[in-house]
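Close look at the chain arrangement
What follows is the residue order along each chain.
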Amino acid sequence: WLTPFVTLGSSFLQDSDADENGDAKFKWSVGLNFNVWHYDIVSPDFLSGRLSIESMLEYASYSSESVNGDGTTVDWSDFSLVVPFCYEMFEDLSPLADKSLRKSLNLYVGPALSVIDGTVQSGGAEEGFSEDQRFGFIGGADIFLAEKVSIGAHVLVFDQTTVTGS
């Protein structure tokens, strides 16, 4: 019911006016996934699966350098919470899956909260920034090819739309 996680990676700043990306820097996060509620659907067979409400709480820290190479750095943190309503289908849809595969498709949709706090440092000056819109929406799907191997995509909508694949 409760799963802690850690992520490590890189992040970059995208200048929407110049349509260019800055230099990639370090990104890390820590968080918790937890199940709030679930209900198993047994019949009819074609709907067998699980309805659930799951939550993810995450604190992430990002860093990037500006696109124009003038030494400007941007650092920001993001505290986020998503509470999607999920439908997990337990049918075996994959030719790669073994007989122990418990779920093969996960669909989810729900509200999201994101609180951003950041700074831009340039030429000795520092300026702060925050999010334009805290409340948004998440939706997505994951297809399980094997018990621990999946491909998926999700859409986050706040003041802009972000599409992510995994």
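Residues numbered from 1 in each chain as written. Predicted model: local features only at pLDDT ≥ 70, side-chain atom pairs only at ≥ 80, totals over all residues. Heavy atoms only, no water.

Looking now at the overall build of the protein. Scanning the protein from N- to C-terminus turns up 0 helices and 12 strands. Ordered by position in the sequence, the α and β elements of the protein form the string β-β-β-β-β-β-β-β-β-β-β-β. Taking all 166 residues of the protein together, the buried fraction comes to 30%. If you take every contact in the protein between residues at least 6 apart in sequence, the share linking residues at least 24 apart comes to 54%. For the protein, the computed accessible surface area is about 10500 Å², with 58% contributed by carbon and sulfur atoms. (Helix = DSSP H or I, 4+ residues; strand = E, 2+ residues; numbered from the N terminus. Buried < 20%, exposed > 50% of the residue type's maximum accessible area, 1.4 Å probe, protein only. Contact = heavy atoms within 4.5 Å. Areas by Shrake-Rupley, 256 points an atom, 1.4 Å probe, with all protein chains shown as cover.)

Mapped onto the elements of the fold, Ser-77 is located in strand β6 (residues 73–82). Assessed through its relative accessible area of 15%, Ser-77 is described here as buried.

For the rest of this paragraph, the subject is the packing of aromatic side chains. The way to describe two aromatic rings as a pair is by their centre distance and the angle between their planes. A complete count under the given rule lists 2 aromatic pairs for this structure. Seen from their ring centres, Trp-28 and Tyr-59 are 5.7 Å apart, and the 55° between their planes marks the pair as tilted. On the criterion of sequence distance, the pair formed by Trp-28 in strand β4 (residues 24–41) and Tyr-59 in strand β5 (residues 49–65) is long-range, its members being 31 residues apart. With a relative accessible area of 32%, Trp-28 lands in the partly exposed category. For the ring pair Tyr-62 and Trp-76, a centre distance of 5.1 Å and an interplane angle of 10° mean the geometry is stacked. One end of the pair, Tyr-62, is in strand β5; the other, Trp-76, is in strand β6, and 14 residues separate them in sequence. Judged by its relative accessible area of 16%, Trp-76 is buried. (Phe/Tyr/Trp six-rings, centres within 6.5 Å; stacked < 30°, edge-to-face > 60°.)

Little of strand β9 (residues 125–130) sits inside the fold, with 0 of its 6 residues counted as buried. Sheet topology note: the strand β8 (residues 105–122)/β9 ladder contains 6 bridges and is antiparallel. Residue pairing for β9: Val-120 is matched across the bridge by Glu-127. Linkage of β8 to β9, two consecutive antiparallel strands, is achieved through a turn of 2 residues, within which Gly-123 is found at a positive phi near 55°. (Pairing = 2+ DSSP bridges.)

Across the chain, the bulk of peptide bonds are trans and the bulk of non-glycine residues have phi less than zero. In this structure, Pro-44 follows Ser-43 across a cis peptide bond, with omega equal to 0°. With respect to the helices, strands and loops of the structure, Pro-44 is situated in the loop between β4 and β5.

Residue-level pLDDT values for the protein average 84, and 81% of them are 70 or greater. Within the protein, strand β3 (residues 20–21) has the poorest average pLDDT of any element, 58, and β8 the best, 94. (pLDDT = per-residue confidence, 0-100.)

This next bit is on the pattern of salt bridges. Inspection of the entire model under this criterion finds 2 salt bridges. Where Asp-40 meets Arg-50, a salt bridge forms, and the shortest distance between an N and an O atom there is 2.6 Å. Of the two residues, Asp-40 is situated in strand β4 and Arg-50 in strand β5; the sequence distance between them amounts to 10 residues. Asp-40 gets classed as partly exposed once you look at its relative accessible area, which sits at 34%. One salt bridge in this structure joins Arg-134 and Glu-131, with 2.6 Å as the shortest N-O distance. Looking at Arg-134, the relative accessible area reads 42%, which means it is partly exposed. (Salt bridge = Lys/Arg side-chain N within 4 Å of Asp/Glu carboxyl O.)

Take the environment of Trp-76 next. For Trp-76 and Gly-128, which are 52 residues apart along the polypeptide, the C-alpha to C-alpha distance reads 9.3 Å. If near-sequence neighbours (up to four positions away) are discounted, Trp-76 is found in contact with Ser-11, Ala-60, Ser-61, Tyr-62, Ser-63, Ser-64, Ile-116, Asp-117, Gly-118 and Phe-129.

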